[in-house]
Amino acid sequence: MSPRSAPVTEIPHSWTPQDCLIAVMMAVSASDENIRTAELLTIDENVNHLPVFAEYDIDRISRVSQNVLALFTEEDGLDAMFGLVRDNLPEHLYETAYVLACDVAAADGQLKVAELRILEEIRHELKIDRLAAAAIERAAGARRATL
């Protein structure tokens, strides 16, 4: 008898569509290596109030955030994160992801170079239409405007 090799089992990644949205928001927050309270409060507000998160287990936020931060320490970690997002986020939620990303970037009233770069990367990776992106960015800025 010849030995049989064990079957190869492909384990699907465990990110839900909501996890992907959390990951995109955390990526924006962590992009400048300074996660601000205003950004975390914006993420919390989005998760607690938006219908897309209605059935979301908020205990997952910490694990997803840790995954994103761990990916940021790897050479191709950002590419890996975007691959996970594209694999697990339905395409009809790509613009939602960009809206949430812009909301987090605008949370503290300032857009830093690193945040602008990651927003550009998100636009590219999720194939966000240029005009739609401009409207989303303008709305996010207007929402966070001060006197």
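See the structure shown above.
Here's a quick rundown of the structure. Since the structure is predicted, the reported quantities are computational estimates derived from the model, not experimental observations.

Parameters and conventions
- Residues numbered from 1 in each chain as written.
- Predicted model: local features only at pLDDT ≥ 70, side-chain atom pairs only at ≥ 80, totals over all residues.
- Heavy atoms only, no water.
- Core = buried A, V, L, I, M, F, W, Y, C linked by side-chain atoms within 4.5 Å.
- Buried < 20%, exposed > 50% of the residue type's maximum accessible area, 1.4 Å probe, protein only.
- Helix = DSSP H or I, 4+ residues; strand = E, 2+ residues; numbered from the N terminus.
- Contact = heavy atoms within 4.5 Å.
- Expected span 1.5 Å × (residues − 1).
- Arc of directions from axis to C-beta.
- Axes fitted to C-alpha atoms, helices over the stretch in contact; angles between N-to-C directions.
- Left-handed = near helix turned anticlockwise from the far one by under 90°.
- Nonpolar A, V, L, I, M, F, W, Y, C, P; charged D, E, K, R; others polar.
- Phe/Tyr/Trp six-rings, centres within 6.5 Å; stacked < 30°, edge-to-face > 60°.
- Salt bridge = Lys/Arg side-chain N within 4 Å of Asp/Glu carboxyl O.
- Parallel < 35°, antiparallel > 145°, perpendicular 65-115°, else oblique.

Regarding the nonpolar core
Grouped burial of nonpolar side chains is what soluble globular proteins tend to show.
Step number 1: Ranked by internal contacts, the top residues of the largest apolar core, which has 41 residues, are Trp15, Ile22, Met81 and Ile122.
Step number 2: Of all elements in the fold, only α1 (17–30), α2 (37–49), α3 (60–72), α4 (77–88), α5 (94–105), α6 (113–125) and α7 (130–143) reach the threshold of two or more residues within this core.
Step number 3: With nine residues, the single largest contributor to this core is α1.
Step number 4: Setting aside anything within four residues of it in sequence, one finds Ile122 in contact with Val24, Val28, Phe82, Tyr98, Ala101, Lys127 and Ile128.

Observations regarding α3
Step number 1: For α3, which comprises 13 residues, the first-to-last C-alpha distance of 19 Å matches the rise-based estimate of 18 Å (1.5 Å per residue) to within 8%.
Step number 2: Those residues of α3 lying buried are Arg60, Ile61, Val64, Ser65, Val68 and Leu71. The arc enclosing the buried residues of α3, seen along the axis, measures out at 130°, which places them on a common side.
Step number 3: Contacts made by the buried residues of α3 are with α1, α2 and α4.

Regarding the packing of α2 against α5
Step number 1: Where α2 meets α5, the axes come as close as 8 Å, and the angle between the chain directions of the two elements is 145°. Between α2 and α5 lies a crossing whose hand is right-handed. Along its contact with α2, which presents Glu39, Thr42, Ile43 and Asn46, the element α5 presents Leu100, Asp103 and Val104.
Step number 2: Partitioning the contact of α2 with α5 into residue classes produces three nonpolar, two polar and two charged.

So, the packing of aromatic side chains
How two aromatic rings sit relative to each other is set out by the distance from centre to centre and by the angle between their planes.
Step number 1: One pass over the structure, following the stated rule, counts one aromatic pair.
Step number 2: Ring centres of Phe53 and Tyr56 lie 5.8 Å apart, and the angle between their planes is 70°; on these two criteria the pair is classed as edge-to-face.
Step number 3: On the basis of relative accessibility, which here comes to 9%, the residue Tyr56 falls in the buried class.

Section: the pattern of salt bridges
Step number 1: Across all of its chains, the model carries nine salt bridges by this definition.
Step number 2: Measuring nitrogen to oxygen at the nearest pair gives 2.7 Å for the salt bridge that ties Arg143 to Asp103. Pair noted here: Arg143 is in helix α7 and Asp103 is in helix α5, with a separation of 40 residues, a long-range link.
Step number 3: Measuring nitrogen to oxygen at the nearest pair gives 2.7 Å for the salt bridge that ties Lys112 to Asp108.
Step number 4: Overlapping salt bridges bring together Asp32, Arg36, Asp108, Lys112 and Glu115 as one network.

Notes on the packing of α5 against α6
Step number 1: Their axes nearest at 11 Å, the elements α5 and α6 cross at an angle of 175°. Relative to α6, α5 is oriented roughly antiparallel. Taken together, the residues of α6 that come into contact with α5 (itself represented by Tyr98, Ala101, Cys102 and Ala105) are Glu115, Leu119, Ile122 and Arg123.
Step number 2: Per-class residue counts for the contact of α5 with α6 are six nonpolar, no polar and two charged.

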